[in-house]
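What the coordinates show
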Amino acid sequence: MKKPLIKVETSVETHSKQSNSRRQFLKMGGLAVAGTSMFLYGCSDDDDSMDPDPGMVFDLGSGDLGILNYAYALEQLEAAFYTQVIAGSYFAGASAEEKLILQDLYDHEEIHREFFKAAITGAVNGDTSKVLPELEFDFSGVNFGDRDSVLGTAMVLEDTGVGAYNGAGPLLETEAYLTLAGKIVSVEARHASAIRSIYLPGNTEFAGDDVIDANGLDKSDLPPVVISAVVATGFVVTPFTANQLPTG
Amino acid sequence: MNIIKFLDEFTSESLTQKVSSRRDVFGTFSSLGKKAALAAVPFGLATGSSKAFAQTGSKAHEDPLNLALTLEYLEAEFYVKALDSGVLPAGRPQDVYNQISKHETAHVEFLKTALGDDAVAKPTFDFTVGGMFDPFNENGIGQETAYAQLLALAQAFEDTGVRAYKGQAPNLMGTPFLKPALQIHSVEARHASEIRRLRAFVLGEVLNDNALGWITLNNRGPGMPEATQPVYDGEENVTQGGVNLVTATGFSATSVSQSFDEPMSGETAVAIASLFIVS
């Protein structure tokens, strides 16, 4: 029996479960939802037409390698998104401050992506069959000429990244990887704070009550939650599986 | 536990190997004058002392969490006093400080609960550092200067907090405290970003590469006192996991350094916090 594919997994889920994951992502998006209705389109059923040959589908792997590939996938997503942002018409006409921030976010995510590519390749002694391949993305649901769409999506991606790294940290077994994840997650949190600060109207949204709980704790999401939320966006075209990731 | 005893014990383990780096810290901080010597007292006691803790098993989390609690005590009291001082303008500044204050106070309570009877007692703080600063305008320095100092100290505390939690994370591996410590770590980073951006706005420096939400090289940023430089030393690192990312990516050292925050040793964090601790 073939292993469930990420892409397929959602499309074969029961309807109620599917709308759960959709709701979850919308909840993660918080206030951005109003300006980013594409998430609703993003998770429309795409049948089995995308069902690829299971033998060709990459699995993230197990243990620390799996977690690194998982982080690499998220960084690929962010980098691809900001690549389109800075090529888009909203960016072209944005204020100098927003341009500087978005350009920096593009630079940082590109660097994170290239770091993971190099680090994972090194960790598996160059066995590229264990390194997540370059993923294909579809951002047709994002209007790169529209501030709400660009900044709203950026906010969701950055907040998702923070929760993902926080949730993945305790799953890591190697101290050096935990430290590296820590070096990156705080930069993602700085991004999330800045995007929320320039995009959302309130003065306290940089660390808003929608993401920080009553104990003053940020989001911490385990990989299955993050992956289903990301799948629900419809941004990730290339299927991959996450069948062996540690669960805690 | 007494705070000075704790700080002493915390640093004693790594003290012998890292004496020179500790001297560097105090070398820079000595620009603050005689207060620095006073702040060094806890460490003076540590020299040559026997290892205070032989941390094993279930107690291994105490040192990192008590260091975190010490930093949270510092931040929590700072923000409460800042809000009470009348120095902060209404609107965004007060709103931002209020939101951060809420989180820092919650962190104190959370860590105290986690540590139970092993929690260090709250120290007595001196945010003037022996009269060098007047962030609450208690000595008549004037609202404008006091406000600038409130912003500078907040930035130094938040950027220190991010680095200190990051430095302690490996010491919490395998304990149930790693998860919440990481959740606090990223909140400190959100705070740091906003405080840095608020400072930049107040200074009219929002387009300055050294005054963004993220740290560029080891630049402390415009208007930051030289005494805060130890908060930023080491942030210029561009090699991660053995890979020089300037070479590997073609991006500038500026961009690469911004993309990664660096951990800070417990020793350095203690040295920075000790500046503000009277007893």
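Quick look at the overall build of chain A
Counting its secondary structure elements, chain A contains 9 helices and 2 strands. When the helices and strands of chain A are listed from N to C terminus, the series reads α-α-α-β-α-α-α-α-α-α-β. Taking all 248 residues of chain A together, 58% fall into the buried category. Within chain A, contacts between residues separated by at least 24 positions form 82% of all contacts whose residues are at least 6 apart in sequence. Put simply, chain A shows about 9,600 Å² of open surface, and 52% of that area lies on carbon and sulfur atoms.

Observations regarding the confidence of the model for chain B
Residue and element names in this part refer to chain B. The predicted model of chain B averages 86 in pLDDT, with 80% of residues at 70 or higher. Under a pLDDT of 50 for its full length, residues 13-57 has, in the predicted model, 65 contacts with residues more than four places off or in other chains. Both scores are given for the predicted complex: the pTM is 0.84, the ipTM 0.85.

Here we look at the interface of chain A and chain B
Contact residues are listed per partner, giving 57 residues for chain A and 56 residues for chain B. Counting the contacts that link chain A with chain B gives 7 salt bridges. Of the charged contacts, one joins Lys183(A) and Glu262(B) as a salt bridge, the two residues approaching to 2.8 Å between their closest N and O atoms. Inspection of the chain A/chain B interface yields 28 residue pairs in polar contact (both at pLDDT 80 or more). Take the side of chain A that touches chain B: its biggest share by element is 19 residues, from helix α8 (residues 175-199) of chain A. Classifying every residue of the side of chain A that touches chain B gives 26 nonpolar, 17 polar and 14 charged.

Digging into the nonpolar core
By size, the foremost hydrophobic cluster in this structure holds 75 residues, and its most contacted members are Tyr70(A), Phe81(A), Phe116(A), Phe139(A) and Ile195(A). Take this core: its biggest share by element is 12 residues, from helix α4 (residues 63-87) of chain A. Look past the residues within four positions of Phe81(A) in its chain and what remains in contact with it is Phe139(A), Val142(A), Phe144(A), Val150(A), Thr153(A), Ala154(A) and Leu157(A). Phe78(B), Val96(B), Val120(B) and Phe133(B) belong to the second-largest nonpolar core, a separate cluster that totals 65 residues.

Considerations on the packing of aromatic side chains
Throughout the structure, instances matching the rule amount to 18 aromatic pairs over all chains. Centroid distance Phe78(B) to Phe127(B): 5.6 Å. Interplanar angle 50°. Geometry classified as tilted. With a gap of 49 residues between them, Phe78(B) in helix α5 (residues 62-84) and Phe127(B) in the loop between α6 (92-115) and α7 (143-168) connect regions that are remote in the sequence. According to the relative accessible area criterion, Phe127(B) is buried, its value standing at 3%. Through successive ring pairs, a cluster of aromatic residues spans Phe78(B), Tyr79(B), Tyr97(B), Phe125(B), Phe127(B), Phe136(B), Phe157(B) and Phe276(B). Here the basic side chain of Lys99(A) rests over the ring of Phe91(A), its NZ or CZ set 5.8 Å away from the ring centre. Directly above the ring of Phe201(B) sits Arg92(B), whose terminal nitrogen or CZ lies 5.8 Å from the centroid.

Considering the environment of Phe206(A)
Locating Phe206(A) in the fold gives a position in the loop between α8 and α9 (223-233). Since its relative accessible area comes to 1%, Phe206(A) is described here as buried. Linking Phe206(A) and Ala189(A), residues 17 residues apart in sequence, is a C-alpha distance of 9.5 Å. Those residues in contact with Phe206(A), other than ones at most four positions away along the chain, are Ser193(A), Arg196(A), Ser197(A), Val96(B), Gln99(B), Ile100(B), Arg190(B), His191(B) and Glu194(B).

Observations concerning the pattern of salt bridges
All told, the structure shown has 21 salt bridges over all chains when counted by the stated rule. Taking the shortest distance from any N to any O, the salt bridge between Arg113(A) and Glu110(A) comes out at 3.0 Å. One end of the pair is Arg113(A) and the other is Glu110(A), both in helix α6 (residues 96-123) and 3 residues apart, which spans about a single turn. Between Glu235(B) and Arg163(B) there is a salt bridge, and its shortest N-O distance comes to 3.4 Å. Placement of Glu235(B) in the loop between α8 (178-203) and β1 (239-240) and of Arg163(B) in helix α7 is noted, with a sequence separation of 72 residues between them.

Here's the deal with α9(A)
Residues and elements named next belong to chain A. Most of α9 is tucked away, with 9 of its 11 residues classed as buried. Residues of α9 that are buried: Pro-223, Val-226, Ile-227, Ser-228, Ala-229, Val-230, Val-231, Ala-232 and Thr-233. Positive backbone phi, approximately 75°, marks Gly-234, located one or two places after α9.

About the thresholds
- Numbers given for residues are sequential positions, taken from 1 along each chain in its written order.
- Here every chain gets a letter starting at A, and every ligand a number starting at 1, in the order they are written.
- Note on the predicted model: pLDDT of at least 70 is required for a residue's local features to be given, and 80 or more for side-chain atom pairs to be given and counted; whole-chain, interface and lining totals, by contrast, use all residues.
- Excluding hydrogens and water, the side-chain figures rest on all heavy atoms present in the structure.
- For helices the rule is a DSSP run of H or I covering at least 4 residues; for strands it is a run of E covering at least 2, with both sets numbered from the N terminus onward.
- Accessible area is worked out with a 1.4 Å probe on protein chains only. A residue is then buried under 20% of its type maximum, exposed over 50%, and partly exposed in between.
- The contact rule is simple, with two residues in contact once any of their heavy atoms fall within 4.5 Å.
- Accessible surface is estimated by sampling points in the Shrake-Rupley manner with a 1.4 Å probe; for residues, cover comes only from the protein chains shown.
- Each residue gets a pLDDT score, which is the predictor's confidence in that residue and runs from 0 to 100.
- Criterion for a salt bridge: a side-chain nitrogen of Lys or Arg within 4 Å of a carboxyl oxygen of Asp or Glu.
- Think of a polar contact as two N or O atoms within 3.5 Å of one another; within protein, one of them needs to be a possible hydrogen donor and the other a possible acceptor, and neighboring residues in sequence only count if both atoms come from side chains.
- Amino acids are sorted into nonpolar (Ala, Val, Leu, Ile, Met, Phe, Trp, Tyr, Cys and Pro), charged (Asp, Glu, Lys and Arg) and polar (every other residue, Gly among them).
- Put simply, buried Ala, Val, Leu, Ile, Met, Phe, Trp, Tyr and Cys residues joined by side-chain atoms within 4.5 Å make one nonpolar core.
- Pairing of aromatic side chains here covers Phe, Tyr and the six-membered ring of Trp, requires ring centres within 6.5 Å, and sorts the geometry by plane angle: under 30 degrees stacked, over 60 edge-to-face, intermediate tilted.
- In this scheme, Lys NZ or Arg CZ marks a charge over a ring once it lies within 6 Å of the ring centre and within 35 degrees of the ring normal.

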